[in-house]
Amino acid sequence: MTELPRLPVSGGCSDTPILKQRGQREVFCGLTGIIWLHRKMQDAFFLVVGSRTCAHLLQSAAGVMIFAEPRFGTAILEETDLAGLADAQDELDKVVDELLARRPDIKQLFLVGSCPSEVIKLDLSKAAERMTQRHAPSVRVLNFSGSGLETTFTQGEDACLASMVPVLPKDDQRQLLLVGALPDVVEEQAIGLLEAMGIGPIKVLPAPRATDDLGVGDGTVYALIQPFLGDTHDALTRRGARHLPAPFPFGEEGTTQWLAAIATEFGVSPELFEQVTAAPRARARKAVAQAAEVLRGKSVFFFPDSQLEIPLARFLTRECGMEAIEVGAPFIHKGIIGPDLDMLAEGPTISEGQDVDLQLDRALAARPALTVCGLGLANPLEAQGLSTKWAIELVFTPVHFYEQAGDLAGLFSRPIRRAEMLKLEAAE
Ligand code: SF4
């Protein structure tokens, strides 16, 4: 390798007109993020201020932990609280006091807002300030909203991380900050590759513990690991940190481009980059090629859900040979997914937001080989004879970086393979 892989020049779908529709949406709410965040942040507790519906969502999505002390819970606001918001604040104080007295291991407490009107009327940021004063210095209390009225399910993580940025200590040392929650083993792989190139110090947001040495300032450059972190991106920029735009690390090509953007910033030589990445790149290419056999030449349609849609469409079209018909995303933040849009070949409709009935009409008319959508749409589409992939699985499954590239392609190939086998059985 004589030079580092360069970012794609502007092109592809970067200037494709975006179809924007507003109507009924079919998405999960931002409380979903608590399911993976509570595993990453070992001294945090997520207290949802919400209804019984919120409690059911969390319990069924995360499973009820019988032996372990959970790191999330729901303070249920009854309808009677509508009459007295002052009482609701007192109630909340009481719940938090009891929780913190019982659980001295909690160092960060997140008050998480939800949809019910009585919760929306509660000022949770004031409550968090009041509680921080009361429980400092041992506990930091922050708040964010996971309400389904204003969020898609991945925005919960964004809102949570963005709430942490203003309270991070100032630290102007030159450092790389990786932003986004990943399974530990995948995070270790990414850090291992970067450290092998001599890049450091490397910090991660969210850090596993509030006491971890994590600050931000003018010397910080940051790379996003997930494309749904728009508010966190803005909050970090306000703190003086600088974003390194890059395609997201999905598949061999995305991972290589993402690493190369960081390597360029830190002056890594092309020889060292090649030495560190050659073997895992080859493994990733081989694994993707095997899983992609069944994907080649097949069409895919993305409903807006996880905000991973554009980077995944780039991966499926360029590395797996699929043809994208429509790539719908809840929001399109070109400052974040611009490099992926540049690499996505012209052709698909790019849509932002949703009018679900109109979009269903387009999908049913196109009859794609695979439709990536939320849980609520999957069964009705399957009933119409379409193969589907639940978008939420893409967030719950380790899919980033080289070693997971084959698994990522496999997530898309399995439903198509299953549909082909069912067709064969029906024909026999
Ligand atoms: S936050 Fe809203 S959408 Fe989410 S579970 Fe609670 S009530 Fe339902």
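What counts and what doesn't
- Residues numbered from 1 in each chain as written.
- Predicted model: local features only at pLDDT ≥ 70, side-chain atom pairs only at ≥ 80, totals over all residues.
- Heavy atoms only, no water.
- Core = buried A, V, L, I, M, F, W, Y, C linked by side-chain atoms within 4.5 Å.
- Buried < 20%, exposed > 50% of the residue type's maximum accessible area, 1.4 Å probe, protein only.
- Contact = heavy atoms within 4.5 Å.
- 1 Å grid on protein atoms, 1.4 Å probe; cavity = no way out; pocket = protein on both sides within 12 Å on 5 of 7 lines; lining within 4 Å.
- Points joined across faces, edges and corners; volume = space filled by probe spheres on them.
- Nonpolar A, V, L, I, M, F, W, Y, C, P; charged D, E, K, R; others polar.
- Pairing = 2+ DSSP bridges.
- Helix = DSSP H or I, 4+ residues; strand = E, 2+ residues; numbered from the N terminus.
- Axes fitted to C-alpha atoms, helices over the stretch in contact; angles between N-to-C directions.
- Near = heavy atom within 4 Å.
- Polar contact = N/O pair within 3.5 Å; in protein donor to acceptor, adjacent residues only side chain to side chain.
- Salt bridge = Lys/Arg side-chain N within 4 Å of Asp/Glu carboxyl O.

### A few points about the nonpolar core
Phe 46, Phe 110, Leu 178 and Trp 258 are the most contacted members of the largest nonpolar core, which has 109 residues in total. Excluding residues that lie within four positions of it along the chain, Phe 110 makes contacts with Met 41, Ala 44, Phe 45, Phe 46, Leu 47, Leu 142, Phe 144, Cys 160, Ser 163 and Met 164. Counting residues in each nonpolar core, the second largest holds 21 residues, with Leu 47, Ala 75, Leu 100 and Val 139 among its members.

### Looking at empty space enclosed by the protein
The full count for this structure, using the stated rule, is 1 cavity of 30 Å³ or more. Put simply, the largest cavity is a space of about 40 Å³. Residue lining of the largest cavity: Leu 224, His 243, Leu 244, Pro 245, Ala 246, Phe 248, Trp 258 and Ile 336, and that is the complete set. Considering only residue class, the lining of the largest cavity consists of 7 nonpolar, 1 polar and no charged.

### What to know about the sheet that holds strand S13 (residues 370-373)
The 6 strands are arranged S1-S12-S11-S10-S13-S14 in an open sheet whose pairing can be described as parallel. Across the chains shown, the open sheet's two edge strands, defined by having one partner strand only, are strand S1 (18-20) and strand S14 (388-390). Strand after strand, the sheet turns through a mean of 20° between neighbouring axes, direction not considered. Bridge count between strand S10 (residues 299-302) and strand S11 (residues 323-329): 4 bridges; the pairing is parallel. Bridge pairing in S11 places Phe 302 opposite Val 327.

### Things to note about the site of the ligand
Taken together, Cys 29, Leu 31, Thr 53, Cys 54, Ser 114 and Cys 115 are the residues near the ligand. When its residues are assigned to classes, the shell around the ligand shows 4 nonpolar, 2 polar and no charged.

### Concerning the side chain of Ser 114
Residue position: Ser 114 is located in the loop between strand S4 (108-113) and helix H4 (117-120). Take Ser 114: its relative accessible area is 4%, and that puts it in the buried class. Among the polar contacts made by the side chain of Ser 114, one reaches the main-chain carbonyl oxygen of Val 49 at a distance of 2.7 Å. With residues up to four places along the chain from it excluded, the contact list for Ser 114 reads Val 49, Gly 50, Cys 54, Val 119, Ile 120 and Ser 147.

### Digging into the environment of Arg 174
Looking at where Arg 174 falls in the secondary structure, it is placed in the loop between helix H6 (155-164) and strand S6 (175-179). A sequence separation of 12 residues divides Arg 174 from Ala 162, and the C-alpha atoms of the two residues are 21 Å apart. In this structure, Arg 174 is in contact with Pro 201, Gly 219, Val 221, Arg 242, Glu 265 and Phe 266, ignoring residues within four places of it in sequence. Only 3.0 Å separates the side chain of Arg 174 from the side chain of Glu 265, close enough to count as a polar contact.

### A look at the pattern of salt bridges
Counted by the stated rule, this structure contains 23 salt bridges. We note a salt bridge from Glu 91 to Lys 94, for which the minimum N-O separation is 3.8 Å. Of this pair, Glu 91 and Lys 94 both sit in helix H3 (residues 85-102), 3 residues apart, roughly one helical turn. Exposure remark for Glu 91: the relative accessible area of 40% places this residue in the partly exposed category.

Structural measurements only, silent on function.
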